[in-house]
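Residue-level structure breakdown
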Amino acid sequence: MKPTLTPRHEADPLLNFRFEVRDPKSQRSEVLEFNHTRHSAVRAAQRGIDTDKIALVIQYGECLCKQKLLYYILGEKSIPASLLKVHKELKNLVVIVAGDSNQVVTCYRSDNPFKHIRLKSKRLSLNLAA
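Reading the values: rules and limits
Here, residues in each chain are numbered from 1, in the same order as that chain's written sequence. Thresholds applied to this predicted model are a pLDDT of at least 70 for local features of residues and 80 or more for the giving and counting of side-chain atom pairs; totals over whole chains, interfaces and linings are not thresholded and use all residues. The basis for every side-chain value is the complete set of heavy atoms in the structure, and neither hydrogens nor water enter the calculation. Here a helix means four or more residues in a row that DSSP labels H or I, a strand means two or more in a row labelled E, and each is numbered from the N terminus. To sort residues, take the accessible area from a 1.4 Å probe on protein chains only and compare it with the maximum for the residue type: under 20% means buried, over 50% means exposed, and anything in between is partly exposed. Whether two residues are in contact is decided by their heavy atoms, any of which lying within 4.5 Å being enough. Computed by Shrake-Rupley with a 1.4 Å probe, the accessible areas treat only the displayed protein chains as cover when residues are assessed. The criterion for an aromatic pair is that two Phe, Tyr or Trp rings (for Trp, the six-membered ring) have centres within 6.5 Å, with stacked assigned to planes under 30 degrees apart, edge-to-face to planes over 60 apart and tilted to the rest. Scored between 0 and 100, pLDDT is the confidence that the predictor attaches to each residue. Strand pairing is assigned whenever DSSP detects at least two bridges linking the two strands. Axes, fitted as lines to C-alpha atoms, cover a helix only where it is in contact. Angles between the N-to-C directions of the axes lie from 0 to 180 degrees.

**Thoughts on the overall build of the protein chain**
- Secondary structure assignment for the protein chain yields 4 helices and 6 strands.
- What you see in the protein chain, going N to C, is helices and strands ordered as β-β-α-α-β-β-α-β-β-α.
- Looking at the 130 residues of the protein chain, the share that counts as buried comes to 32%.
- Across the protein chain, contacts joining residues at least 24 apart in sequence account for 45% of those joining residues at least 6 apart.
- Entry remark: accessible area of the protein chain is about 9,800 Å², with carbon and sulfur atoms responsible for 53%.

What follows is the structure, encoded as structure tokens:
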């Protein structure tokens with residue numbers, strides 16, 4: 001007997017998340033939608049990083065583009081005063097998003113994230129064994 005695959009039409013709340021970004025000056029808002037890869041969902045759970053923290057990093061963090069990936073970094077100086085209660089949990093948090101989609105590749109904490117990302121090569125190298 002051959003197994004059959006049934007497509008899932010419902011959205012998995014652990015893998016898909018959306019949040020609203022509001023500009024206080026212009027009073028405009030925009031809804032941003034992101035998807036976790038299975039890897040990033042597992043890693044985020046292991047590291048205690050929930051989707052609210054990821055959304056804050058994307059909203060307030062500094063964005064660097066390297067290796068066709070977007071690195072959102074929330075350094076100490078980037079954390080707004082309104083988030084002082086969760087300052088320690090957000091400090092030096094990095095979220096990596098695929099450059100061609102809104103897919104979160106992974107997220108982690110780093111002691112010196114700007115230096116770590118600056119030292120990365122410009123291109124991803126594919127070390128294929130011969």
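**Considerations on the packing of aromatic side chains**
- Applying the stated rule across the entire model yields 2 aromatic pairs.
- Relative to Phe34, the ring of Phe17 has its centre 6.1 Å away and its plane inclined at 20°; by these criteria the two rings are stacked. Here the residue Phe17 occupies a position in strand S1 (residues 16-23), and Phe34 occupies one in strand S2 (residues 28-36), the gap between them amounting to 17 residues.
- With 6.0 Å between their ring centres and 10° between their planes, Phe19 and Phe34 make a pair best called stacked.

**Structural notes on the confidence of the model for the protein chain**
- Looking at the protein chain, the pLDDT average stands at 80 and 81% of residues meet or exceed 70.
- The least confident element of the protein chain is helix H4 (residues 113-118), whose mean pLDDT is 76; the most confident is strand S5 (residues 93-98), at 94.
- When the criterion is pLDDT under 50, residues 1-10 qualifies, and its contacts beyond four places in sequence or with other chains add up to 0 contacts.

**A look at the sheet that holds S2**
- With mixed pairing, 6 strands are arranged side by side in an open sheet as S1-S2-S6-S5-S4-S3. Each edge of the open sheet carries a strand with a single partner, namely S1 and strand S3 (62-66). Strand-to-strand twist of the sheet, defined as the mean angle between neighbouring strand axes without regard to direction, takes the value 35°.
- Its contacts with the sheet place helix H1 (residues 38-47) against S2 and strand S6 (103-109), and it is angled at close to 25° to S6.

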